[in-house]
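Understanding the architecture of this molecule
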Amino acid sequence: MINPAHESTDVTRELFQNFSTGGIVLFYIFGFLALGVFAWGCYLQIRKYRRGVADGSWADLARRTRDLVVTMLSHRTLRRRDAAAGRAHAAIFFGFALLFIGTSLIFIDYDILGPLGLSFWHGEFYLLFQLTLDLAGLALIVGLVYMMVRRGWIKPPKLDYRRPDREPGEPDADRSRYRIEDWAFLWALVIIGITGFLLNGSRKLWLIDDPLVWDYRWWTPVGTSIAYMLSGLGLSSEGAGVLRTATWWFHGVLALAFIAVIPFTKVKHIFTAGGSLMLRDPLAAQRLPKLPEDGEDAGYGKITDFSRKHLLHLDACTKCGRCHEACPANASGLPLSPRDLILTLREFAHEQIEGRTVDADGLVVHGDGVNQVRAETLWSCRTCMACVEICPVAIEHVPIIVQMRRWLVEQGEMDPMLQGTLQKIQKRGNSFGEAKRKRGKWADELDFPVKDARKEPVDFLWFVGDYASFDPRNQSVTRDFARILEHAGVDFGILYDAEQNAGNDVRRVGEEGLYELLAENNIASLDGAEFERVVTTDPHSLNTIRNEYPQFGGQYQIYHYTSLLKQLIEQGRLQFSKQLGYRVTYHDPCHLGRFNRGFDAPRFVMQALGLDLVEMERSGENSFCCGAGGGRIWMADPPGKEKPAENRMHEAARIEGLEVFVVACPKDLTMFEDALKTAGYEGQFVVKELNELVAEALALDKQATEAA
Amino acid sequence: MKILVPVKQAALVEDDFELRDDGRDVDPDFVDLQLNEWDDYSLETALQLKESHDGIEVVAVTVGDDDAEDALRTCLAKGADRAIRVWDDELGDADPVVIARVLAAVAQRETPDLVLAGTQSSDLGFSATGVAMATFMGWPHAAVVVALDYSPGAATATVERELEGGLRQRLEIDCPAVLTIQLGINTPRYASLRGIKQARSLPVEELTPEDLGLEAQDVGEQACGARVRKMYLPEKGQAEMIEGTPAQQAERIAAIVKEVMGG
Ligand code: SF4
Ligand code: SF4
């Protein structure tokens, strides 16, 4: 690498070559000024976050740091569903990171180790360093140019800042400031990158006679190409010297200014997104936070009620629009976009708690005012977790929304229909307002008794859930499952009157007091029974019992029925006399799939049934909510707009020759059977619960027993 | 100023129920209790007035046994300032007029500027209590109120009443007055369970008719003008769902007509 005629320590770059002392001093002044502004900005932001409520998010720091590093290096979250943007971001990220590290190394070498005589920035290391940074700069620029093309020409709809929660013309509807900022950010970085190369090229040309520079020119291929280009344009060595000085200052000052504005602009996502990823809670939507025992007020009413982590989340959003695109509420034209919710709150926090003093009267985030969140926005959410799942920077929309709903509930503000349902649950422990004693009535029509788990020990305790217990259409599926268990010789029983609504959706509505009561009652009933494991057909009950009951001291091993079926098939306890052969598609229920990663068991069962499964465009973790979650099943969707379930039916109908739309959740059955009719596909295909297909393949004679 | 809101813990009967052995009421095993639906609206009216004006006190009052306390807790959870429960076992069979007499005595003690009651109760539906109360107090009253325009301290209030056939009557009423509020006048707020729990630590004033200066003969059984003799389900009328194709349905209808007409 190094020419033997050269001393290794001479192969380096002389910093501030030909600078007057005044120039050097001036540059240092700029440098410290920039760092000062940067530090001040960081202080302002941290002071803002500290105005939130401290929480335990920092526990387990080592594992979190490891996760963060893995996520950042792999760019896993950024590649999902937008591979091109992910690659471009990786180019920018790694380019920027390497350039930043490189600059820091120079600083360390020159200002710290150099004076100690420990300089390392020369020789072979220097050459490799040069090459790396040259390529990093290229990656940075390529990435940025792609992003410009994307914003300027490809224009994916998710980058459109139109807000569904405001009418055009409302004072805070206009988000063009963001667009300006996006472009300013891209241009600033691109210019820094380009002037960096120009600087390198002009310096090469200027020092063309210095073999210590020129002989090693191809270690910076891009910079040197620029040097040839400049010379080709007729620039002399002296001219290049002048250009070098001018570019040096321009590049240097711009880069310093960029550092200075980081905490005040979207550039801060470098830190906030990292912080947010580090604080990622893998069960953010599955396990909602408990309310403090002594708390006077419930949930998020004021911006200062937010946890510090959630305040950080507001600043971490990069407006990538992935959540906006995935949100079923937004897709149905309801006034909610998870992105805009986060951004509204960000603006609110910026206005109200970033300043030196805080006006205690201006802190309530709810309302119709500028940058306040409207109740209708919060009530539009189905807590389907599509947003949390896809957010590349681990923002927790669902707990934020539920915390805000808790406050609304405490104020008594909610849809009258929902009120009625909650009152029914308060009075009777179920959302149907049926008498408690009727809970086990569905079992009367079976030709075998279902054990009462309150009275005798069972292997599997079956937690039935409201819909499966009371909804007539679902009761038939419930009986199918009972027959399947009986057929497979599973020892099971139910809690009859002692079971209540599991509370998953009550909690997601934000009625935490009622949830606590339901959870405590159910835990008392479960603890009073003798069993090994719990099984349920209801993914909502599954989620709360598995992930949330432990918060109240209830620890159970619980399975969704699809997992149990899979086990029974594997053990040979379920053998199908016929293969069904239908062409089907499968809807992953939010609470089974995204929430509890139950993607494989239902597919395994379908395969065993000999079904021809064709996946929809959105499946697995990208499944599209039926619209029933978060208590929305207890509220009416506005007429005249396409409901999420109808949207889903259209998607399914695009599968050629589709015969059965398979679901594995009682609420899904209700929602999709409705939507099948309203979307106009009745007669074209049918909606079935997986249990019904299993019963069919087992040739369990429903008619005979149901009629008996 | 003060608004008095008389409320009732009403019975919510299950779909399939049995009657009490004496046949005069539904077996309590088949009954849930909850704040009378109409009272949700009258309380909300009072609370909204309280929220839009300074210095209004909302006092909820009920005549009922221990079980009725829940109704008051709900009112307190929603934002009532005080709660009063009047009871004596003598009142067990009280008719609406006796209840109204007790409530009027409470009003005399509390001297409210306005009484907002529900138009009727969701279980027994006499629609009498509020009106009778006004009579005892000698106050003007308006029933089935669906809109209210009132500023605290004003000598009159403007109210709208709902009449048959969708007709509305607007009237000006001298205050103090008793208004009985109709469903739909507003959207009542929800009482969260946490709120109700927190309201458990708030005091409920407990009084007997005696404390209110009422004599046994004013409230006992002999004071009731009406007594329940029996509660029962009338024989179901004849109804049949006719199913099948239009032709089959027509055939069945023809058969029924023939059968009934004896043709
Ligand atoms: S949870 Fe679902 S409905 Fe709610 S904001 Fe997120 S994506 Fe939208
Ligand atoms: S919240 Fe997350 S997914 Fe949504 S726009 Fe912001 S960064 Fe993207």
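Sequence order sets the numbering: in each chain, residues are counted from 1 along the sequence as written. Working convention: letters from A go to chains and numbers from 1 go to ligands, in the order in which they are written. Whole-chain, interface and lining totals are the exception, using all residues; otherwise, since this is a predicted model, local features are given only for residues with pLDDT of at least 70 and side-chain atom pairs are given and counted only at 80 or more. Based on all heavy atoms of the structure, the side-chain values leave hydrogens and waters out of the count.

**Considerations on the overall build of chain B**
Under the scheme used here, helices are H or I runs from DSSP no shorter than 4 residues and strands are E runs no shorter than 2 residues, and both carry numbers assigned from the N terminus. In terms of helices and strands, chain B carries seven helices and 11 strands. Taking the principal axes of its C-alpha atoms as reference, chain B extends roughly 75 × 45 × 40 Å. Taken across its 263 residues, chain B has 44% of its residues classed as buried. By the convention used here, residues are in contact when the closest approach between their heavy atoms is within 4.5 Å. Expressed as a percentage of contacts within chain B between residues at least 6 apart in sequence, the contacts between residues at least 24 apart total 69%. Counted as positive: Lys and Arg. Counted as negative: Asp and Glu. His and the chain ends are not counted at all. Charge coordinates come from a single atom per side chain, which is NZ of Lys, CZ of Arg, CG of Asp or CD of Glu. Seen as two clouds, the 24 positive and the 49 negative side-chain charges of chain B have centres 2 Å apart. Only protein chains enter the area calculation, which uses a 1.4 Å probe; residues under 20% of their type maximum are buried, those over 50% are exposed, and those in between are partly exposed.

**Concerning a nonpolar patch on the surface**
All names here are of chain A. Taken together, Val-25, Leu-26, Ile-29, Phe-30, Leu-33 and Val-253 make up a surface patch of nonpolar side chains, about 490 Å² in accessible area. Examining the composition of the nonpolar patch, we find that five residues originate from one element, helix H1 (residues 21-50), more than from any other. Mapped onto the elements of the fold, Phe-30 is located in helix H1. To count toward a patch, a residue needs a relative accessible area over 30% and no salt bridge; like charges are then connected within 9 Å, while nonpolar side chains (Val, Leu, Ile, Met, Phe, Trp, Tyr) are connected within 5 Å. Using a 1.4 Å probe, accessible areas were evaluated by the Shrake-Rupley method; residue-level cover was limited to the displayed protein chains. Salt bridge, as applied in this entry: a Lys or Arg side-chain nitrogen positioned within 4 Å of an Asp or Glu carboxyl oxygen.

**Side note on the site of ligand 2**
The criterion for a residue being near a molecule or strand is simple. One of its heavy atoms has to lie within 4 Å of it. With respect to spatial proximity, 13 residues lie near ligand 2, and among them A:Cys317, A:Cys320, A:Gly321, A:Cys323 and A:Cys391 are the closest. Here the term charged refers only to Asp, Glu, Lys and Arg, the term nonpolar to Ala, Val, Leu, Ile, Met, Phe, Trp, Tyr, Cys and Pro, and the term polar to all other amino acids, Gly among them. A per-class count over the shell around ligand 2 returns seven nonpolar, three polar and three charged.

**Quick word on the sheet that holds strand E9 (residues 686-689) of chain A**
Residue and element names in this part refer to chain A. Spatially, E7-E6-E8-E9 is the arrangement adopted by the four strands of the open sheet, whose pairing is parallel. Looking at which strands have only one partner, the edges of the open sheet turn out to be strand E7 (612-613) and E9. Note: strand E6 (residues 583-586) against strand E8 (residues 660-663), three bridges, orientation parallel. Across the sheet, the residue bridging to Tyr-586 is Val-662, located in E8. Across the sheet, helix H28 (residues 690-697) touches E8 and E9, and the angle it forms with E9 is around 80°. Should DSSP find at least two bridges between two strands, the strands are taken to pair. Axes, fitted as lines to C-alpha atoms, cover a helix only where it is in contact. Angles between the N-to-C directions of the axes lie from 0 to 180 degrees.

**Overview of the domain arrangement of chain A**
The domain architecture assigned to chain A consists of domain 1 (20-48 + 189-264), domain 2 (75-160), domain 3 (284-410) and domain 4 (418-707). For domain 1 of chain A versus domain 4 of chain A, the distance between C-alpha centres works out to 63 Å. Boundaries of every domain are those given by an automatic assignment or by a domain database.

**Quick look at the site of ligand 1**
All names here are of chain A. In the vicinity of ligand 1, 13 residues are found, and the nearest of them are Cys-327, Cys-381, Arg-382, Cys-384 and Cys-387. For the shell around ligand 1, the secondary structure elements donating two or more residues are helix H16 (386-390) and helix H17 (397-411). By residue class, the composition of the shell around ligand 1 is 11 nonpolar, one polar and one charged.

**Some thoughts on the interface of chain A and chain B**
Contacts between the two partners involve 26 residues from chain A, matched on the other side by 22 residues from chain B. Reported buried area values correspond to the accessible surface (1.4 Å probe) lost by two parts on association, with both partners' losses combined. Buried area between chain A and chain B, both sides added, is near 1,900 Å², and the carbon and sulfur share of it is 44%. Contact with chain B buries surface across chain A, with A:Lys427, A:Arg428 and A:Arg437 losing the most and accounting together for 29% of the total. Taken together, chain A and chain B are joined by four salt bridges. A:Glu410 is the partner of B:Arg194 in a salt bridge, and the nearest nitrogen-oxygen pair spans 3.5 Å. We call two N or O atoms a polar contact when they sit within 3.5 Å, provided that within protein one can donate a hydrogen and the other can accept it, with sequence-adjacent residues counted only if both atoms are side-chain atoms. Across the contact surface, chain A and chain B share 13 residue pairs in polar contact (both at pLDDT 80 or more). Listing elements by their share of the side of chain A that touches chain B, those giving two or more residues are H17, helix H18 (416-428) and helix H22 (512-527) of chain A. No other element matches H18(A), which puts seven residues into the side of chain A that touches chain B. The class makeup of the residues in the side of chain A that touches chain B is nine nonpolar, seven polar and 10 charged.

**A short note on the pairing of E8(A)**
Residues and elements named next belong to chain A. Both faces of E8 are covered, namely the face carrying Val-660 and Val-662 and the face carrying Phe-661 and Val-663. Judged from the four bridges that link them, E8 and E9 form a sheet pairing that is parallel. Looking across to E9, one finds that Val-662 is bridged to Lys-688. For the segment spanning E8, helix H27 (residues 666-678) and E9, crossover handedness is right-handed. Here, the term right-handed applies to a crossover whose path from the first strand over the helix to the second runs clockwise when the strands point away from the viewer.

**Considering the environment of B:Val131**
All names here are of chain B. Tracing the chain through its elements places Val-131 in helix H4 (residues 129-137). Under the relative-accessibility criterion, Val-131 is labelled partly exposed at 25%. Among residues more than four places away in sequence, those in contact with Val-131 are His-141 and Thr-180.

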